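The chain contents come next:
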Amino acid sequence: SYLKEFYFIDSTMENFEFECKTKIIFGKDTENLVGEELKKYTDKVLFHYGSGSIKRTGLYDKVVKSLNKAGVEFIELSGVVPNPRADLVYKGIELCKKENIKFILAVGGGSVIDSAKGIAAGYYYDGDFWDMYERKADVEKALPLATILTIPAAGSEASPSSVVTKGNRKLNISSNLIRPVFSILNPELN
């Protein structure tokens, strides 16, 4: 029947299992919940974002207000560009260690989230975080992170993967240890 073909219920259907350990907080104005949600995990975060579009749209002010209301201290690291660069990841790792930050909030699209995942993976690693991207080391421990997504495209808000660029090399890692703890998705932010 037509309905059977529409739902692909026939002998060619592939079985699968899906598990996503990222808590998805979806809906209008959900970005205002970020401070309350973060407070469950930490009192201090690295607030990581791009080149300033979140300031132009007013999202930055909403996030700061929510963090302040919840009593979550934050240290900012902006400047993520498309195809996130290793030099900012190095800076983020150093900043987190210097400021004793144990949680990352990435606000932006896939590049911001991938950069945050690189920082998270590199924080506990004794060597060069780039070793993991070159497959010379595995991610064995990582900082937890959360996201507020502004551009749906790559699925970074719920994936275990990160892509970072160093020089002319664009490499990836994948580990459930860098999957976001939670992600806030408000379609009106796009």
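Placed above this text is the structure.
Residues numbered from 1 in each chain as written. Predicted model: local features only at pLDDT ≥ 70, side-chain atom pairs only at ≥ 80, totals over all residues. Heavy atoms only, no water.

It is worth spelling out the pairing of strand 2 (residues 44-49) at this point. Counting buried residues in strand 2 gives 6 out of 6 residues, a clear majority hidden from the surface. Because side chains alternate across strand 2, one face comprises the buried residues K44, L46 and H48, and the other comprises V45, F47 and Y49, equally buried. In this sheet, strand 4 (residues 104-108) lies alongside strand 2 in parallel orientation, the contact comprising 4 bridges. Residue pairing in the sheet places Y49 in a bridge with V107 of strand 4. (Buried < 20%, exposed > 50% of the residue type's maximum accessible area, 1.4 Å probe, protein only. Helix = DSSP H or I, 4+ residues; strand = E, 2+ residues; numbered from the N terminus. Pairing = 2+ DSSP bridges.)

By size, the foremost hydrophobic cluster in this structure holds 34 residues, and its most contacted members are L46, I104, I119 and F129. Of all elements in the fold, only strand 3 (73-77), helix 5 (86-99), strand 4, helix 6 (110-123), helix 7 (130-133) and strand 5 (145-149) reach the threshold of two or more residues within this core. Sort the elements by how many residues they give to this core and helix 6 lands first, with 7 residues. Beyond its immediate stretch of four places on either side in the chain, I119 contacts L46, H48, L77, L88, V89, G92, I93, C96 and I104. (Core = buried A, V, L, I, M, F, W, Y, C linked by side-chain atoms within 4.5 Å. Contact = heavy atoms within 4.5 Å.)

With that settled, consider the packing of aromatic side chains. Given two aromatic rings, one states the distance between the centres and the angle between the planes to describe the pair. Under the counting rule described, the total for this entry stands at 11 aromatic pairs. Geometrically, the ring pair formed by F47 and Y49 is tilted, given 5.1 Å between the ring centres and 55 degrees between the ring planes. Pairing F129 with Y133 gives two aromatic rings, centres 5.5 Å apart and planes at 85 degrees, and the pair type is edge-to-face. For the pair F129 and Y133, a shared accessibility class is recorded, and that class is buried. Here the aromatic cluster, defined as three or more aromatic residues joined through ring pairs, consists of F47, Y49, Y60 and F74. Above the face of the Y60 ring, K55 is positioned so that its terminal group lies 4.7 Å from the ring centre. Sitting over the face of the ring of Y123, K97 holds its NZ or CZ atom 6.0 Å from the ring centroid. (Phe/Tyr/Trp six-rings, centres within 6.5 Å; stacked < 30°, edge-to-face > 60°. Lys NZ or Arg CZ within 6 Å of the ring centre and 35° of its normal.)

Running from N to C, helix 5 and helix 6 point in directions that differ by 55 degrees, and their axes come no closer than 9 Å. Accordingly, the angle class assigned to the pair helix 5 and helix 6 is oblique. As helix 5 packs across helix 6, the resulting crossing turns out to be right-handed. In contact with L88, V89, G92, I93, C96 and K97 of helix 5, helix 6 contributes S115, G118, I119, G122 and Y123. (Axes fitted to C-alpha atoms, helices over the stretch in contact; angles between N-to-C directions. Parallel < 35°, antiparallel > 145°, perpendicular 65-115°, else oblique. Left-handed = near helix turned anticlockwise from the far one by under 90°.)

Applying the stated rule across the entire model yields 8 salt bridges. When the shortest N-O distance is used, the salt bridge between R169 and E134 registers 2.5 Å. A residue pair is termed long-range when its members are at least 10 positions apart, and R169 in strand 7 (residues 169-174) and E134 in the loop between helix 7 and strand 5 qualify at 35 residues. Among the charged side chains, a salt-bridge network with shared partners connects K23, E37 and K40. (Salt bridge = Lys/Arg side-chain N within 4 Å of Asp/Glu carboxyl O.)

Right, let's talk about the sheet that holds strand 5 for a bit. Pairing in this open sheet of 6 strands is parallel, and the strands run 1-8-5-4-2-3 from one edge to the other. Lying at the two open borders of the sheet, with one neighbouring strand each, are strand 1 (23-26) and strand 3. This sheet shows a mean twist of 20 degrees between the axes of neighbouring strands, independent of strand direction. Where strand 5 meets strand 8 (residues 182-185), 4 bridges bridge the pair, whose relative direction is parallel. Residue pairing in the sheet places I148 in a bridge with I184 of strand 8. Packing against the sheet, helix 5 makes contact with strand 2 and strand 3, and its axis sits at approximately 155 degrees to strand 3.

This part is about the side chain of T150. Looking at where T150 falls in the secondary structure, it is placed in the loop between strand 5 and strand 6 (161-166). T150 has contacts with I54, L59, G108, G109, L189 and N190, leaving out every residue within four places of it along the chain.

To continue, consider the pairing of strand 4. The element strand 4 is largely enclosed, with a buried count of 5 among its 5 residues. Because side chains alternate across strand 4, one face comprises the buried residues I104, A106 and G108, and the other comprises L105 and V107, equally buried. Here strand 4 runs beside strand 5; their pairing, made up of 5 bridges, is parallel. When the sheet's bridge partners are listed, G108 is paired in strand 5 with L149.

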